[in-house]
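Okay, here's what each chain looks like letter by letter:
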Amino acid sequence: MGKQTPSSFPFSFRIAASSILFNLVQRTAQACTALAFNLRRKSEFLVALADYSIKCFDTVTKELVSWMRGHESSVFSISVHASGKYAITTSSDTAQLWDLDTFQRKRKLNIRQSVGIQKVFFLPLSNTILSCFKDNSIFAWECDTLFCKYQLPAPPESSSILYKVFAVTRDGRILAAGGKSNHLHLWCLEARQLFRIIQMPTKVRAIRHLEFLPDSFDAGSNQVLGVLSQDGIMRFINIQTCKLLFEIGSLDQGISSSVISPHGRYIASIMENGSLNVYSVQALTQEINKPPLPLVKVIEDLPKKKLSSSDLKMKVTSGRVQQPAKPRGSKIQTRILKQDLTGDFESKKNELPDGLNKKRLQILLKGYGEYPTKYRMFIWRSLLQLPENHTAFSSLIDKGTHVTFLNLQKKYPIKSRKLLRVLQRTLSALAHWSVIFSDTPYLPLLAFPFVKLFQNNQLICFEVIATLIINWCQHWFEYFPNPPINILSMIENVLAFHDKELLRHFIDHDITSQLYAWPLLETVFSEVLTREEWLKLFDNIFSNHPSFLLMTVVAYNICSRVPLLNCNLKDDFEFFFHHRNNLDINVVIRQVYHLMETTPTDIHPDSMLNVFVALTKGQYPVFNQYPKFIVDYQTQERERIRNDELDYLRERQTVEDMQAEVDQQRVEDEAWYQKQELLRKAEETRREMLLQEEEKIIQQRQRLAAVKRELQVKEMHLQDAARRRFLKLQQDQQEMELRRLDDEIGRKVYMRDREIAATARDLEMRQLELESQKRLYEKNLTENQAAVAKEMRADADAHRRKVDLEEHMFHKLIEAGETQSQKTQKVIKENLAKAEQACLNTDWQIQSLHKQKCDDLQRNKCYQEVAKLLRENRRKEIEILNAMVEQEAKKWKEAEGKEFCLRSAKKASALSDASRKWFLKQEINAAVEHAENPCHKEEPRFQNEQEDASCLPRTSHLNDSSEMHPSTQRH
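Just so it is clear, the model here is predicted, and its values are computed rather than measured.

What counts as what
Residues numbered from 1 in each chain as written. Predicted model: local features only at pLDDT ≥ 70, side-chain atom pairs only at ≥ 80, totals over all residues. Heavy atoms only, no water. Helix = DSSP H or I, 4+ residues; strand = E, 2+ residues; numbered from the N terminus. Buried < 20%, exposed > 50% of the residue type's maximum accessible area, 1.4 Å probe, protein only. Areas by Shrake-Rupley, 256 points an atom, 1.4 Å probe, with all protein chains shown as cover. Polar contact = N/O pair within 3.5 Å; in protein donor to acceptor, adjacent residues only side chain to side chain. Contact = heavy atoms within 4.5 Å. Pairing = 2+ DSSP bridges. Axes fitted to C-alpha atoms, helices over the stretch in contact; angles between N-to-C directions. Salt bridge = Lys/Arg side-chain N within 4 Å of Asp/Glu carboxyl O. Phe/Tyr/Trp six-rings, centres within 6.5 Å; stacked < 30°, edge-to-face > 60°. Lys NZ or Arg CZ within 6 Å of the ring centre and 35° of its normal. pLDDT = per-residue confidence, 0-100.

Glancing now at the overall build of the chain. Scanning the chain from terminus to terminus reveals 24 helices and 27 strands. A total of 971 residues make up the chain; the buried ones form 39% of that total. Of the roughly 55,900 Å² of accessible surface on the chain, a fraction of 54% belongs to carbon and sulfur atoms.

See below:
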């Protein structure tokens, strides 16, 4: 591969440090200029390419996830936010903020061409973006709003360098900057000022890369800085002591670039010859996990490379050079060697693991009041002599979550799910270790501050709590489940000795030790102290006898005597011992030491408590310092209650299921009832609508009926008027006919008279004319008969049409139904009108017959043929009237009498016709006899004939009268 660096290869690899193997992820076809990991999706990473684009690949699927464009020059830096949601890509002319969920650009930082960008990156554990420019200006921006939070001041002119490389500690408090110089600038980002300038050895002329080395015990405040210089050697120095710890690389095998793993265990370096070297930090140095060397011995340089004091210098902003730590170390060592020469003050009981001495730690603690923050956890582990039994702890963890703490979040709602999970596991491990802890109600309160402090190391957390319970919680469980009355009595005795007034005040207000002492013990002061105060207190507690904790309770009350003496209500006391108060913890600690020294032996708690005993290695000791029968009884009761509860839960589940079914059925029933109600309401609505519609229809029908009645009334009126007009017209026609008949009768009478006169004058011509008259009479008779037959046929056709009409009306009556009555009434009315018309016609005919009778009586001879024809016509009309009377019986009753009269008249007419026939025959016979015997006397015979003729009608009249009586009786 020659001298090419891996950054120029057009490949993307994933390397596994455990097996030193690599997998080809993707062929990019472009040189890689920057890489970034730790995205939200851990299997993804970002690659900046030489074509100014950024690609995102997935190491599992080995596929391209996204392709981002927007830069106009090569991207040399990619910074990912701690949440993995955002990324900042930096080129020489711009910086761009990307949303890694959508892979869309959110913001773009544009600058003038004269001012180039050195680096833009996120500060760890914050939403702050730091932008560093080539003119040494550094700005801090808010990530969400991109609001400028602050700008760092310019460095002093005496040590002014052009910044090229930057590094930030994991807690984001210190910024290291370097460039083409052997000086390093350390900035405090909280104070926003330059607080230290470190001068590298003279062989270092330029700094190419800076990176802090993480430490498990420094809480993110990294103290070791790796500096890669132009000679290819990466030196690791302590920024506090300015000492060289170790270095990697050499002049022959120079380092091109380097990166440190997140946990600080490995260092991966790309060498100038193209090889990849992975270094183990633990193998390079043993000082990372050791206590601070200045406390016990002088710091020595590495044997493989000795450095003089002039090689490491430290400068402040004023330019004054600080004294290196070596003279101070020499002074301390001189003092320690003198003590070693004068005698052995350290006994074996004060010797601690890792070369620490408890007595010396106590002296250091009294001098400074607390242990150094970065070494506190290390010192605690040494003081408590934690065995770190991984196997035993794993067996406890493998038992799972204890049933007592399954619903821990309901009683203690903690926002952090991780913290809640660690607390649940720690409490479960304690409950599996000893049964008593599953029934201890205050165990979560006692363990919570330690869980929060050691949440990243559950083994240390468990062993610290177990050591605390074995040593500082002695005799707490002898009166279980009640508070430790014996321990509270010790506290009360000490308080009575040192502050009787305060104790009397407690007694006067019925305040017992369970109120002013037990809340402090069960929470180990975590409720009344801040984090820093609590850590400072437990520095002293873990460094002293277990009785120190009880004395702390007494000292806290004594130091708070003024506000406590002003409290008179029980609620005020409860509030005081469960909340933070304005109290100096240093004063309390000094008071504790005073009480430890001045308390008499007979009431001193150390005479009743055992000395510190560490946890055993391999397996944890058995903890049975509690009334076993009570715990067993409670365990049995709890098991019984649990079984009862399970039975109850099963029954309740059954009841709930049944209740759910009942509720479901009730819901369904309610839905069905609601549906039925809706249907009923809809039906009622429809019924109301139908009723309304029916009412409307009834009203319309009523209006239509009224209109019909009006129309019928109008029609009746019109029909009546038409009938009256028709009757009047008929009456007028009949009157005209009567007048015409009268005129005709008069004319005929006149003609008769003329005929009689002519007959008298032409008597001699009579015999000849008789034959012609006979023939004429026969002809007229034949014509009259034909006319009568035609009239009869017309009457028969009319009768047949009437019958057909009535039959049609009858069938229409069957089909029409409701309208039949109206039609029937109409037909009846028409028939009634016809009957009335028939009556009128009959009256007219009777009148005409009477007039004809009178005329016949007057004429007696000349118009017998006309009378005969009239009688035939009347007979036909009577037959028609009889047919009408049969159909309309009620109306034709009146017509029957008149018909009888008509028949009588017809009979009289017939008799008259017979008389006329007899008369003509007699005349003919007389004429014949006269022709044969002209001298015969004729007058008597003529008179007799007249008498006989006059007698005929009377006889006929009598016969008619005799016939009328039965008919009258019949009707």
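Back to the write-up after that little detour.
So, about the side chain of Ser181. As for its placement among the helices and strands, Ser181 is situated in the loop between β16 (174-179) and β17 (183-188). The class for Ser181 is buried, based on a relative accessible area of 13%. A polar side-chain atom of Ser181 sits 3.2 Å from the main-chain amide nitrogen of His183. Ser181 has contacts with Ile161, Arg205, Ala206 and Ile207, leaving out every residue within four places of it along the chain.

In this section: the sheet that holds strand β24 (residues 266-271). Taken together, three strands build an open sheet; the order of strands is β23-β24-β25 and the sheet is antiparallel. Each end of this open sheet is capped by a strand with a single partner; those strands are β23 (255-260) and β25 (276-280). Here the average twist between neighbouring strands, direction ignored, is 20 degrees. Pairing analysis gives five bridges linking β24 to β25, with the strands arranged antiparallel. Its bridge partner lying in β25, Ser269 is registered against Asn277.

Before going further, it helps to examine helix α8 (residues 443-453). Across the 11 residues that make up α8, a large majority, eight, are buried. Residues of α8 that are buried: Leu443, Pro444, Leu446, Ala447, Pro449, Phe450, Val451 and Leu453.

With that settled, the discussion passes to the pattern of salt bridges. Here the idea is simple: oppositely charged side chains can pair when their charged atoms come close. Under the defined criterion, the tally for this structure stands at 21 salt bridges. Between Glu677 and Arg680 there is a salt bridge; the shortest N-O distance is 2.1 Å. Note that Glu677 and Arg680 are positioned in helix α19 (residues 628-761) at a spacing of three residues, about one turn of the helix. On the accessibility criterion, Arg680 (35% relative accessible area) is partly exposed. Residues Arg747 and Glu744 are paired through a salt bridge, measuring 1.9 Å at the closest nitrogen-oxygen approach. Of this pair, Arg747 and Glu744 both sit in helix α19, three residues apart, roughly one helical turn. The exposure class assigned to Glu744 is partly exposed, which follows from its relative accessible area of 22%. Residues joined in a network through salt bridges with shared partners are Asp171, Arg173 and Glu190.

All told, the structure shown has 34 aromatic pairs when counted by the stated rule. Considering the side-chain rings of Trp380 and Phe542, the 5.0 Å spacing of their centres and the 90 degrees angle between planes classify their relative orientation as edge-to-face. Within this pair, whereas Trp380 is found in helix α4 (residues 376-384), its partner Phe542 is found in helix α14 (residues 531-542), the two being separated by 162 residues in sequence. The residues Trp380 and Phe542 share a single accessibility class, namely buried. Ring-pair connections join several aromatic residues into one group, and the members of that group are Trp380, Phe450, Phe454, Trp472, Trp534, Phe538, Phe542 and Phe612. Above the ring of Trp67, the side-chain terminus of Lys55 is found at 4.2 Å from the ring centroid. Sitting above the plane of the Phe121 ring, Lys119 keeps its charged end 5.2 Å from the centroid.

Mean pLDDT over the chain works out to 78, with 80% of the residues at or above the 70 mark. Element-level pLDDT for the chain is lowest in helix α2 (residues 325-342), with a mean of 33, against a maximum mean of 92 in helix α15 (residues 547-559). Per-residue pLDDT stays below 50 along residues 1-14; that stretch engages in 44 contacts with residues further than four places along the chain or on separate chains. Segment residues 300-347: pLDDT under 50, and 51 contacts once partners within four positions in sequence are set aside and those in other chains are kept.

With that out of the way, let us pick up unusual backbone geometry. Positive phi, close to 45 degrees, is recorded for Val524, a residue that is not glycine. Assignment of secondary structure puts Val524 in the loop between α13 (518-522) and α14. Residue classification places Val524 among the buried positions, given a relative accessible area of 1%. Although it is not a glycine, Phe525 sits at a positive phi angle of roughly 65 degrees. Residue placement: Phe525 occurs in the loop between α13 and α14.

It is a general feature of regular strands that their side chains alternate between the two faces of the sheet. Summarising burial for strand β20 (residues 224-229): six of the six residues are buried, a large majority. Side chains Val224, Gly226 and Leu228 project from β20 onto one buried face, and the interleaved Leu225, Val227 and Ser229 project onto a second face that is buried too. Bridging between strand β19 (residues 207-213) and β20 involves six bridges; their strand directions are antiparallel. Pairing of Glu211 across the sheet is with Gly226, part of β20. Examined bridge by bridge, β20 and strand β21 (residues 234-238) share five bridges and lie antiparallel to one another.

On to the sheet that holds strand β13 (residues 138-142), then. With respect to topology, four strands assemble into an open sheet ordered β11-β12-β13-β14, the strand pairing being antiparallel. Edge positions in the open sheet fall to β11 (117-122) and β14 (148-151), since each of these has one partner strand only. Taken pair by pair, the neighbouring strands of this sheet meet at an average axis angle of 20 degrees, ignoring direction. Alignment of strand β12 (residues 128-133) against β13, held across five bridges, turns out to be antiparallel. Considered in β13, the bridge of Thr128 is made with Glu142.

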